[in-house]
Amino acid sequence: MSASRLVSFSRKIIKPSSPTPLSHRIHKLSLMDQMGTHSYMAALLFYPKQNTTTSMPEPTKISRVLEKSLSKVLTSYYPFAGQVRDNSFVECNDIGADLSQVRIDCPMSSIFDHPRTYIDNLVLPIDPWFPSTDSLVAAKLCHFECGGVALGVCLSHKVSDGCSLGKFLRDWSIVARDSEAKLSPLFNGSSIFKPSNSSSFQVVADPPLYKNESKRFHFSASKLKSLKSLADSATQIRPTTVEAITAFLYRCVNTTPSLLIQAVDQRGTSNDALVPADLTGNAVLPFVVSATNKEEMNLERLVSELRKGKEKIQDTLKYIESEEFLCSKVSDIARELNERTSNNDIPMYRFSSLRRFPSNDMNFGWGRPRQVDISTFPINMFILMDNQSGDGVEVIVNLEDGELSALERNDEFLQFASPCLGF
């Protein structure tokens, strides 16, 4: 595998096309934003030339479209063009977003012969875990010699979770196709999750980082049906797809004692009146499931504990009308998470679902992406995403090398999951 070589590089600061009004210059962080880490959410979008039904524009036109549309979308997403101050608010001062561009002297397909960490380093503008920018948004456009392009985008976790990143990318692509499009992101998180002014408020601690390996695996629709039936027969609870896959993967890792940390999105569904589906910012709360021995790794118990944990988190919303009580409950959740994860000798496995990530809507004018990826995590992390062809679920697995190798040799795991090969 020969290494790719950058043959040109440029960088610009893209400012909003219209200045942010003085009345919008201070954007308060919500309670959920305050709990967010200082890392960045990162997505990679790949557009091969031969994949598009419309002709791929010339590189200069692609650059021009992305620059102009990013400037335009930042007017609607004005907090993303500002700076976080004191974990309290965003100063919406229009400093803008970083946009870099590179030309790479290899075909796009050849980079997929390399580890996922190599692809991240090539396509992403910054290291999401060790950011080297003051901008809340950093993007990188990669032109390959085959004519295809890749777009890497990093967005600060202080103002965004995975759902918000997906909506930002979708809206950016909408503006690229129609500069007159009307966007309506909701930045009212601080009125729903009232921010804390208390010095005793618990923030979720950043996890220890490891040098992990990362691979993607596919659960086909037929395998998902079989897996859910297996989990259903083991318990009185009819598991959701996320519950069935999460419990199954945790059991396959088969490490005890250990902790499962599950993130729960509070948007939409039955909570829509309280937490709108279009809320932009952070709206995720975690809970913990523990397993102290092999007997506790059975599907029945794990699915039951996942359901109980999710319902406990959702019950938190009952206190949303009381600012003080909600802050106390969320602080309790953060304190419990910190206490239960403070022992670095106990392995922790984090799970998050991005099944509503709008991958197929990210058409900037040259077709939908052939592949949408999430960056490698230097922690034990499983990301669930819908397969772009709609025939199953893909899981991005981030584990230390030895654990990932063991998972790939696990016969039970291979009965239901298959590796995603190539591009």
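Before reading on, note that the structure itself is shown above.
Okay, so let's go over this structure. (Residues numbered from 1 in each chain as written. Predicted model: local features only at pLDDT ≥ 70, side-chain atom pairs only at ≥ 80, totals over all residues. Heavy atoms only, no water.)

## Things to note about the packing of aromatic side chains
Inspection of every chain in the model, using the stated rule, returns 19 aromatic pairs. Judged by centre distance (5.0 Å) and plane angle (65°), the rings of Phe46 and Phe112 are edge-to-face. With Phe46 in strand 3 (residues 40–47) and Phe112 in the loop between strand 6 (97–104) and helix 3 (116–123), this pair connects stretches of sequence that are 66 residues apart. Arranged with centres 5.7 Å apart and planes meeting at 55°, the rings of Tyr78 and Phe187 form a pair that is tilted. Here Tyr78, found in the loop between helix 2 (59–76) and strand 4 (83–85), pairs with Phe187, found in the loop between helix 4 (162–177) and helix 5 (189–192); they are 109 residues apart in sequence, far enough to count as distant. Its relative accessible area of 14% is what places Phe187 among the buried residues. One aromatic cluster is present, built from ring pairs that chain together Tyr47, Tyr77, Tyr78, Phe80, Phe168, Trp172, Phe187, Phe364 and Trp366. (Phe/Tyr/Trp six-rings, centres within 6.5 Å; stacked < 30°, edge-to-face > 60°. Helix = DSSP H or I, 4+ residues; strand = E, 2+ residues; numbered from the N terminus. Buried < 20%, exposed > 50% of the residue type's maximum accessible area, 1.4 Å probe, protein only.)

## Overview of the packing of helix 2 against helix 4
At a minimum axis distance of 8 Å, the contact between helix 2 and helix 4 shows a crossing angle of 120°. Regarding helix 2 and helix 4, the two cross each other, and that crossing is right-handed. Mapping the contact onto sequence places Val65, Leu66, Ser69, Leu70, Lys72 and Val73 in helix 2 and Phe168, Asp171, Trp172, Val175 and Ala176 in helix 4. Of the residues assigned to the contact of helix 2 with helix 4, the class counts are eight nonpolar, one polar and two charged. (Axes fitted to C-alpha atoms, helices over the stretch in contact; angles between N-to-C directions. Left-handed = near helix turned anticlockwise from the far one by under 90°. Contact = heavy atoms within 4.5 Å. Nonpolar A, V, L, I, M, F, W, Y, C, P; charged D, E, K, R; others polar.)

## Brief notes about the packing of helix 7 (residues 241–253) against helix 8 (residues 299–315)
Contact pair helix 7 / helix 8: the axes reach a minimum separation of 9 Å and the direction vectors enclose 125°. Relative to helix 8, the element helix 7 is oriented oblique. For the crossing formed where helix 7 meets helix 8, the hand is right-handed. Residue-level contacts link Glu243, Thr246, Ala247, Phe248, Tyr250 and Arg251 of helix 7 to Leu299, Leu302, Val303, Leu306, Arg307 and Lys310 of helix 8. Of the residues assigned to the contact of helix 7 with helix 8, the class counts are seven nonpolar, one polar and four charged. (Parallel < 35°, antiparallel > 145°, perpendicular 65-115°, else oblique.)

## Description of the pairing of strand 6
Within a regular strand, the side chains alternate between the two sheet faces. Taken across its eight residues, strand 6 has seven buried, putting it largely inside the fold. One ladder, built from eight bridges, connects strand 1 (residues 6–14) with strand 6; its direction is antiparallel. For Leu6, the partnering residue across the bridge sits in strand 6 and is Ile104. Inspection of the sheet shows strand 6 paired to strand 7 (residues 137–144) by seven bridges, in the parallel sense. Looking across to strand 7, one finds that Val102 is bridged to Cys142. (Pairing = 2+ DSSP bridges.)

## Looking at the pattern of salt bridges
According to the stated counting rule, one finds 21 salt bridges in the structure shown. For Glu243, the salt bridge identified is with Arg307, shortest N-O distance 2.6 Å. Taken together, the residues span a long stretch of sequence, with Glu243 in helix 7 and Arg307 in helix 8 at a distance of 64 residues. Judged by its relative accessible area of 4%, Glu243 is buried. (Salt bridge = Lys/Arg side-chain N within 4 Å of Asp/Glu carboxyl O.)

## Some thoughts on the sheet that holds strand 5 (residues 89–91)
Strand pairing in a sheet is mediated by backbone hydrogen bonds. Such pairs are either parallel or antiparallel. If you trace the three strands from one edge of the open sheet to the other, you get 2-5-4, paired in antiparallel fashion. Since the sheet does not close on itself, it has two edges, and those belong to strand 2 (26–28) and strand 4, each with one partner. Looking at each pair of strands side by side, their axes are set apart by 35° on average, direction ignored. Strand direction decides the pairing type here: strand 2 and strand 5, joined by three bridges, are antiparallel. Directly across from Lys28, in strand 5, lies its bridge partner Phe89.

## Observations regarding helix 8
The end-to-end C-alpha distance of helix 8, which contains 17 residues, comes to 24 Å, matching closely the 24 Å that a straight helix rising 1.5 Å per residue would cover. For helix 8, the complete set of buried residues consists of Leu299, Leu302, Val303, Ser304, Leu306, Arg307, Gly309 and Ile313. For helix 8, the side-chain oxygen to backbone nitrogen distance between the N-cap and Glu300 is 3.2 Å, and the N-cap itself is Asn298. (Expected span 1.5 Å × (residues − 1). Polar contact = N/O pair within 3.5 Å; in protein donor to acceptor, adjacent residues only side chain to side chain.)

## Some words on the sheet that holds strand 11 (residues 284–291)
Sheet architecture is open: seven strands sit in the order 11-10-12-14-15-9-16, paired in mixed fashion. Each edge of the open sheet carries a strand with a single partner, namely strand 11 and strand 16 (418–419). Pairing between strand 10 (residues 258–265) and strand 12 (residues 348–353): four bridges, direction parallel. Its bridge partner lying in strand 12, Gln262 is registered against Phe351. Most of the contacts of helix 7 go to strand 12, to which it runs at about 160°, and overall it touches strand 9 (213–220), strand 10, strand 11, strand 12, strand 14 (381–386) and strand 15 (392–399). Relative to the sheet, helix 9 (residues 323–340) contacts strand 10 and strand 11, its axis offset from that of strand 11 by approximately 40°.

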